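Coordinates in review
One-letter residues, chain by chain:
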Amino acid sequence: MTLSLPSPISPPKTENQSHSTGSQSSVVTPKRATGGFALLDSLLRHGVEYIFGYPGGAILPIYDDLYKVESTGALKHILVRHEQGAAHAADGYARATGKVGVCFGTSGPGATNLVTGIATAYMDSIPMVVVTGQVPRKMIGTDAFQETDIYGITLPIVKHSYVVRDPKDMARIVAEAFHIASTGRPGPVLIDVPKDVAFEEFDYVPIEPGVVKLPGYRPTVKGNPRQINAAIQLIKESRRPLLYVGGGAIASNAHEEVKQLAELFHIPVTTTLMGIGAFDEHHPLSLGMLGMHGTAYANFAVSDCDLLICVGARFDDRVTGKLDEFASRAKVIHIDIDPAEVGKNRIPEVPIVGDVRNVLVDLLRRCKQSSVKPTPNQNQEWLNLINRWREEYPLVVPQHPDSISPQEAIVEVGRQAPNAFYTTDVGQHQMWSAQFLKNGPRRWISSAGLGTMGFGLPAAIGAKVAFPDDEVICISGDASFQMCLQELGTAAQYGINVKVVIVNNGWQGMVRQWQQAFHGERYSCSNMEVGMPDIELLAQAYGIKGIVVKERAELKDAIAQMLAYNSPVILNINVTKDENCYPMVAPGKSNGQMVGLPKQPPKSSVEPVCCSHCGTINAPNHNFCAECGTKL
């Protein structure tokens, strides 16, 4: 069975609608409806086409109404095999589309199974509405069967949450939930629905999207004009500027504005793991990802820049390394819609609170009106230095004589499917994918803040449901894959044509690497070979095609076969077992102190080298300035 989009339908009409004379507002005669119907009708009015979920006792009244609504073609429910899969699929759907993802789970264990997915979305600022069933109102607080306080459990990991105590509040709560989830800094919102509320009939009056007004909730979307002017002045004065772009640029769809700013002032661009896709990585100004496993030239650039323009990022520890040495010579402009993030980890010289795209549009408009342009060759020495770092410290794809390296497997997938949506799980394969895949806007879907193993497959299902005609590929590891492999059943049931590439080294790869580097090579509980399922037979058990690659000669043809097959496929690639992910910034070190860099080729020049930062003349065999420590 192939999944297809439902035909758009008009929301259900209320009975006896009439308009009052001389009034612009319509008067709606209420319709008797259950709380469950009110929920589903409200979801439809907010443009929901897909719900990812799993039924259970407390949420059955809602599923009973869903049965009737789904039979009309109004929306489609995707039955997952575990509630965590529902949350990740809704998350993947939201990341791929920019819309609000929706998932359902029942009370008790159903609700708690959603927690990891909720936390994943919260950490990465993904808009979701999570609906949970709850025991009847009179039984709340009695330790009833399958009762948990999911409202209290999730308070630290949601943007907002509700317990629906009266079905008359349902339409308002849904409208508020969608508004909160999708505006300002996006995030998940929980709606907990007691069983009797879903059953109860009442006079239902729909609430349309966009009409709710929440006192006290007014996200700042326009940047302060004086701060924007101050930012422009710093950019004009800078000689070594760097754009540091995060997930906020993706959320606000600021891809074109980031490109215009970079090209106007010839500013190199580096992205966070969440920001991948916000800037074309084929562009000559692109430095790829920075941070713990970022490119050497991005990390050297952030260590040596004189102006850091942070766009929708939050200075998290995996990016900054040792915080007090992160961009320590630079002035900082920080643009973010969340005022709590501005100045939290690094005090900026110019803070700008506002929607990233709105701020950049205003900044570019002011530059155009004032004819602000960089002076000739203003940043040329800086760009020359960065290009030298590119040449001396490139990302390397190892070629082992007796095994396939993980990097070459990922590079070949990217070569054959350059325009695919890519989801990942978490670990070495995630970092190699971030390094070597070149992704467009919203086509990189990865758990960044929480680092959730098991995220990749259900997230791929969510993305493929949203874009059934696009290629969707999950890059996973043998350990991560086993976290949510039951969602193969979901892919099989609905014919969701996702491709899963397992980079299989028989280990929890990143755990093994850390145990090797920081724990005296004591590999405690990180080997996965004993008990590893036969992936090909596992795929067959779900009615899915499985392909195994053991030799380099098989790799290209196997990937081509996977992509050509018009159904779900699992491609299991056996790779080098002890390959490490480099470069790497060790915990507590600065970004300039990377390990695992390729050996620098001999300098062809025998002339002294002038430091670009302080002007000190250094001997030709020096790699760092003896005076200020700048990378030469």
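This text follows the structure it describes.
Let's shift gears to the overall build of the protein. Counting secondary structure elements, the protein contains 23 helices and 26 strands. A compact globule built from 632 residues would reach a C-alpha radius of gyration of about 26 Å, and the protein, at 26 Å, matches this within 12%. Dimensions along the principal axes, computed over C-alpha positions, put the protein at roughly 90 × 65 × 45 Å. Across the 632 residues that make up the protein, the buried fraction comes to 56%. Pairs at least 24 apart in sequence give 75% of the contacts found in the protein among residues at least 6 apart. In the protein, 56 side chains carry a positive charge and 62 a negative one; their mean positions are 5 Å apart.

The next thing to look at is the packing of helix α1 (residues 35-45) against helix α7 (residues 170-182). Here α1 crosses α7 at 35 degrees, and the two axes come no closer than 9 Å. You can see that α1 and α7 cross each other, and the crossing is right-handed. On the side of α1, the interface is formed by G35, A38, L39, S42 and L43, while α7 contributes M170, A171, V174 and F178. In terms of residue class, the contact of α1 with α7 is made up of 7 nonpolar, 2 polar and no charged.

Here we come to the pairing of strand β7 (residues 128-134). Burial of β7 is extensive: 7 of the 7 residues sit out of reach of the surface. Residues of β7 alternate between two faces, with M128, V130, T132 and Q134 on one and V129, V131 and G133 on the opposite face, all of them buried. One ladder, built from 5 bridges, connects strand β6 (residues 101-105) with β7; its direction is parallel. Across the sheet, residue G101 finds its bridge partner in β7, namely M128. Bridging between β7 and strand β9 (residues 188-194) involves 7 bridges; their strand directions are parallel. The residue of β9 that forms the bridge with Q134 is P194.

With that settled, the discussion passes to the side chain of T452. Looking at the element boundaries, T452 is found in the loop between β18 (444-445) and α18 (456-466). Accessibility expressed as a relative area gives 5% for T452, which makes it buried. A distance of 2.7 Å separates the side chain of T452 from the side chain of T120, its partner in a polar contact.

A few words now on the sheet that holds strand β4 (residues 50-53). Read from one edge to the other, the open sheet built from 6 strands follows the order β5-β4-β6-β7-β9-β8, with strand pairing classed as parallel. Each edge of the sheet is formed by a strand with only one pairing partner; in this case those strands are β5 (76-79) and β8 (160-163). Taking the axes of each pair of neighbouring strands and ignoring which way they run, one obtains an average angle of 20 degrees across the sheet. Packing of helix α2 (residues 60-70) onto the sheet brings it into contact with β4, β5, β6, β7 and β9, and relative to β5 it is tilted by some 125 degrees. In the packing of α7 onto the sheet, contacts are made with β6, β7, β8 and β9, and the angle to β9 comes to roughly 165 degrees.

Counting 51 residues, the largest nonpolar core has F52, C103, F481, I496 and I570 as its most contacted members. Membership of the second largest hydrophobic core comes to 39 residues, among which are V69, L75, V129 and V131.

Rules of the game
- Residues numbered from 1 in each chain as written.
- Predicted model: local features only at pLDDT ≥ 70, side-chain atom pairs only at ≥ 80, totals over all residues.
- Heavy atoms only, no water.
- Helix = DSSP H or I, 4+ residues; strand = E, 2+ residues; numbered from the N terminus.
- Rg over C-alpha atoms; globule rule 2.2 N^0.38 Å.
- Buried < 20%, exposed > 50% of the residue type's maximum accessible area, 1.4 Å probe, protein only.
- Contact = heavy atoms within 4.5 Å.
- Lys, Arg positive; Asp, Glu negative; His and termini not counted.
- Charge placed at Lys NZ, Arg CZ, Asp CG, Glu CD.
- Axes fitted to C-alpha atoms, helices over the stretch in contact; angles between N-to-C directions.
- Left-handed = near helix turned anticlockwise from the far one by under 90°.
- Nonpolar A, V, L, I, M, F, W, Y, C, P; charged D, E, K, R; others polar.
- Pairing = 2+ DSSP bridges.
- Polar contact = N/O pair within 3.5 Å; in protein donor to acceptor, adjacent residues only side chain to side chain.
- Core = buried A, V, L, I, M, F, W, Y, C linked by side-chain atoms within 4.5 Å.

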